Amino acid sequence: MPLSAATALVTSLAASPGGSGLAELLERVPAEPAADPLEPLRMLEAAHRAVASLGDVRIFVDDLQWVDATTQSLVHYLARAATSRPLGIVIATRPSESSVTLLNSLSQLLGEPERYRTLQLGPLSQADGMRLARSLAPDVDDDGAAGIWARAGGLPFWIDGLARSADETESLLERLYGRRMAALDADGSTALAALVVAARPVTAAELARCRDWSAPRAEAA
């Protein structure tokens, strides 16, 4: 969904002192994006003008691998247009085709290491992983914390999930997802199945049409 990942950013820019042009564009977004091929470019330029009016700006982008193409274009446009004003962009991502393409382009545009830097994050060391596990589960002893770190491969996300579950008989996926799925009601399970099959963002209205549900039932699911 175009600019879905940049909703907070675009909303903030539209409300900024130099964001009136962006606000006007947002109010008249066409029902069909292809109706005006220049509209995305106008949106990008209006966002740039809003950023420029703010002076020193920092933009943070998390999970770039999930970010929609239009938002990626916005990030690239803002970086390219920031020639004389201070702008910092911090991006976190896992390896993916779309994220690598954007980052390679930014690297060539800005020049590494002059204005572009990369930092590859590896897994936590055993000492740091055990410290994290014990902070999340104070009752875990050293052997238990070391086991959590080893099973998680040092990755903080999995250490968090394992440390919060005390049942050693459960698998990693059972711990993190099995209980959540078991708690779903029938409509919730059906909604989850529809989302998996769709493999893209789905609105409650689309879900209602797909399952022949009422709007309130789809919203609840």
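Predicted model only: the values in this text are computed from it and were never measured.

This paragraph deals with the overall build of the protein chain. In terms of helices and strands, the protein chain carries 12 helices and 2 strands. From first element to last, N terminus to C terminus, the protein chain shows the α and β order α-α-α-β-α-β-α-α-α-α-α-α-α-α. Over its C-alpha trace the protein chain gives a radius of gyration of 22 Å, far above what one expects of a compact globule, namely 17 Å for 221 residues. For the protein chain, the spread of C-alpha atoms along the three principal axes comes to 55 × 55 × 30 Å. Each of the 221 residues in the protein chain was classed as buried or not, and the buried ones make up 30%.

What follows concerns the side chain of Ser16. Assignment of secondary structure puts Ser16 in the loop between helix 1 (7-14) and helix 2 (20-27). The buried category is assigned to Ser16, whose relative accessible area is 11%. Setting aside anything within four residues of it in sequence, one finds Ser16 in contact with Ala50, Ser53 and Leu54.

A separate point is a nonpolar patch on the surface. A surface patch of nonpolar side chains, amounting to about 570 Å² of accessible area, comprises Phe157, Tyr177, Met181, Leu184, Leu192 and Val196. Of all the secondary structure elements, the ones that give two or more residues to the nonpolar patch are helix 9 (172-182) and helix 10 (186-198). Its relative accessible area of 49% is what places Met181 among the partly exposed residues.

What follows concerns the pairing of strand 2 (residues 87-91). Note: strand 1 (residues 57-61) against strand 2, 5 bridges, orientation parallel. Each bridged residue has a counterpart across the sheet, and for Phe60 the counterpart in strand 2 is Val90. What joins strand 1 to strand 2 is helix 4 (residues 69-81), and the crossover it makes is right-handed.

The biggest cluster of nonpolar side chains holds 28 residues, and the ones touching the most others in it are Leu13, Leu22, Val61, Leu64, Leu74 and Leu106. Those elements giving two or more residues to this core turn out to be helix 1, helix 2, helix 3 (39-54), strand 1, helix 4 and helix 5 (97-110). Counting residues per element, this core draws most heavily on helix 3, which supplies 6 residues. Grouped together as the second largest cluster of nonpolar side chains are 10 residues, Ala146, Ala152, Ile159 and Leu162 included.

Here Gln65 lies in the loop between strand 1 and helix 4. Owing to a relative accessible area of 12%, Gln65 belongs among the buried residues under this scheme. In terms of polar contacts, Gln65 uses its side chain to reach the side chain of Thr93, at 3.2 Å. In terms of polar contacts, Gln65 uses its side chain to reach the backbone amide nitrogen of Arg94, at 3.0 Å.

Attention now goes to the environment of Arg164. In this fold, Arg164 is placed in the loop between helix 8 (156-163) and helix 9. We classify Arg164 as exposed; its relative accessible area is 57%. The spatial distance from the C-alpha of Arg164 to the C-alpha of Ala133 is 8.7 Å, given a sequence separation of 31 residues.

Reading guide: rules and limits
- Residues numbered from 1 in each chain as written.
- Predicted model: local features only at pLDDT ≥ 70, side-chain atom pairs only at ≥ 80, totals over all residues.
- Heavy atoms only, no water.
- Helix = DSSP H or I, 4+ residues; strand = E, 2+ residues; numbered from the N terminus.
- Rg over C-alpha atoms; globule rule 2.2 N^0.38 Å.
- Buried < 20%, exposed > 50% of the residue type's maximum accessible area, 1.4 Å probe, protein only.
- Contact = heavy atoms within 4.5 Å.
- Patch = residues over 30% accessible without salt bridge, like charges linked within 9 Å, V, L, I, M, F, W, Y side chains within 5 Å.
- Areas by Shrake-Rupley, 256 points an atom, 1.4 Å probe, with all protein chains shown as cover.
- Salt bridge = Lys/Arg side-chain N within 4 Å of Asp/Glu carboxyl O.
- Pairing = 2+ DSSP bridges.
- Right-handed = clockwise from strand over helix to strand, strands pointing away.
- Core = buried A, V, L, I, M, F, W, Y, C linked by side-chain atoms within 4.5 Å.
- Polar contact = N/O pair within 3.5 Å; in protein donor to acceptor, adjacent residues only side chain to side chain.

Geometric values such as these leave the question of function open.
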